[in-house]
Amino acid sequence: MSEYGDIWYHSADGLKLYARDYACTDPAIESPQLLLCMHGLTRNSADFARLAARLRDRYRVVAVDVRGRGRSDYDSNSANYNPAVYAQDMLLLLDELGADKAILCGTSMGGLMSLVMAALQGQRVSAMILNDIGPEVDQRGLERIKAYFGKARPVGSWEEAAAQVREVNGAAFPEYTDTDWMSFARALYREEGGVPVLAYDPAISEPVAEDDAAAVPADLWPLFAACATIPMLVIRGELSDILAPGCVQSMHAKKPDLQSVEIPGRGHAPSLDEPAAIAAIDSFLAGLH
C-alpha cells in the first residue's frame, strides 16, 4: 500500500485543489470516520504525515493543501487568501468525498478554518481539534508573523533552507536538532531545478500585510459560540505567542466540556507528534465513541 493517495477537486471559482488521502488500514472498519487535517498559514499537507501514520489504523485521514500552498493552484486574486474562502473550499471537499460529517484537526489558520466551517455547517462537524489557536489571537504573535512573512530570502541549498527556517522558528522549537530542522525545511520547501523554493504562493502574504483581519477575522467569539455542542480539544504550546493561557481559560469558562493540553517546550505551533499531544489526541478521539 502506498503511503497516501491523491485527491484532486475544484473550488467554486475553478481552482484545482489537492489533498493527501491516507486510507484506513483496518479492513474490518467498513466506513471509517473522516479526519480532515488543515495546516497553518505557510504550511501544507506534509505537516500531518506522522499524525496520519499513527491514526490511519482507525480513521481515514485527509490532509489538505489549501489554495496557494503545496500542490494546489495559486489564486490570481490574492484577496481570496483568507479563512472564509478556505473554509468554503473545505466544505466543497467534504461534498467531493461524500462525507456527511468529519472530525476537524486544524493548526493555527487551519483551526480558524475549522471555526468558520462549524459556523457555516455545524451539523457536518462531529468534533474539533484546535492546534495552538483560539477565538483571540495574541498580538505579539501577529506582529512576529508580519515581521517575516513574505520576506524570506531565496536559498541555494537544503542546508540554507534549514538554516532559514531555524532562524524564523528557533524560539518555538528550542529542542530541535539539525535533523529536525532539515525535516522542517523539506516540509516547507519543494525542489525546483535543484534548488529549494517555498511551497506556497508569495502572494498569500499580501492580504495579511494590508489587514490583520485577512489572517484572523475580527471577532471570533461568535464562531466559538457556534461550537457549543461540538466536542473540542485545544492544544497549546507552552511557549506560544499566538494562543495565550488567558484565552484558553476563557474558552473553558464559555465551554465547560472543553478539553485542553499544554505541550512543554513548544511554541507556535506544536507538531502533534509530541508525547503530550499524542496522549491528548488519543484520549480525546477515544472519548468520542
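Residues numbered from 1 in each chain as written. Predicted model: local features only at pLDDT ≥ 70, side-chain atom pairs only at ≥ 80, totals over all residues. Heavy atoms only, no water.

Draft legend 1. Layout of the overall build of the protein. Summing up its helical and strand segments, the protein has ten helices and ten strands in all. Rg of the C-alpha trace for the protein: 18 Å, near the compact-globule value of 19 Å for 289 residues, within the 12% margin. With the C-alpha coordinates of the protein rotated into their principal frame, the extents come out at 50 × 45 × 40 Å. When burial is assessed residue by residue, the protein has 54% of its 289 residues classed as buried. Long-range contacts, defined as pairs at least 24 residues apart, comprise 74% of the intrachain contacts of the protein with a sequence gap of at least 6. About 12300 Å² of surface is accessible on the protein, with carbon and sulfur atoms providing 51% of the total. The protein carries 25 positive and 40 negative side-chain charges, and their two centres are separated by 1 Å. (Helix = DSSP H or I, 4+ residues; strand = E, 2+ residues; numbered from the N terminus. Rg over C-alpha atoms; globule rule 2.2 N^0.38 Å. Buried < 20%, exposed > 50% of the residue type's maximum accessible area, 1.4 Å probe, protein only. Contact = heavy atoms within 4.5 Å. Areas by Shrake-Rupley, 256 points an atom, 1.4 Å probe, with all protein chains shown as cover. Lys, Arg positive; Asp, Glu negative; His and termini not counted. Charge placed at Lys NZ, Arg CZ, Asp CG, Glu CD.)

Draft legend 2. Structural detail: the pairing of strand β10 (residues 259–263). The pairing of strand β9 (residues 232–237) with β10 spans five bridges and is parallel. The residue of β10 that forms the bridge with I235 is V261. (Pairing = 2+ DSSP bridges.)

Draft legend 3. Seen up close, the packing of aromatic side chains. Applying the stated criterion across every chain, the model contains ten aromatic pairs. With a centroid separation of 5.4 Å and 55° between ring planes, the pair formed by Y4 and Y22 is classed as tilted. Remark: Y22 occurs in strand β2 (residues 16–22) and Y4 occurs in the segment before β1 (5–10); sequence separation between them is 18 residues. Each ring, one from W221 and one from F224, has its centre 5.5 Å from the other, and the planes form 90°; the classification is edge-to-face. (Phe/Tyr/Trp six-rings, centres within 6.5 Å; stacked < 30°, edge-to-face > 60°.)

Draft legend 4. Examining the nonpolar core more closely. Counting 69 residues, the largest nonpolar core has L36, L93, M117, M128, M232 and M251 as the members making the most contacts within it. The contact partners of M251, leaving out residues within four places of it in the chain, are L130, G134, P135, W221, F224, M232, V234 and L258. Formed by 25 residues, the second largest nonpolar core is a distinct cluster that contains A63, I103, I235 and L272. (Core = buried A, V, L, I, M, F, W, Y, C linked by side-chain atoms within 4.5 Å.)

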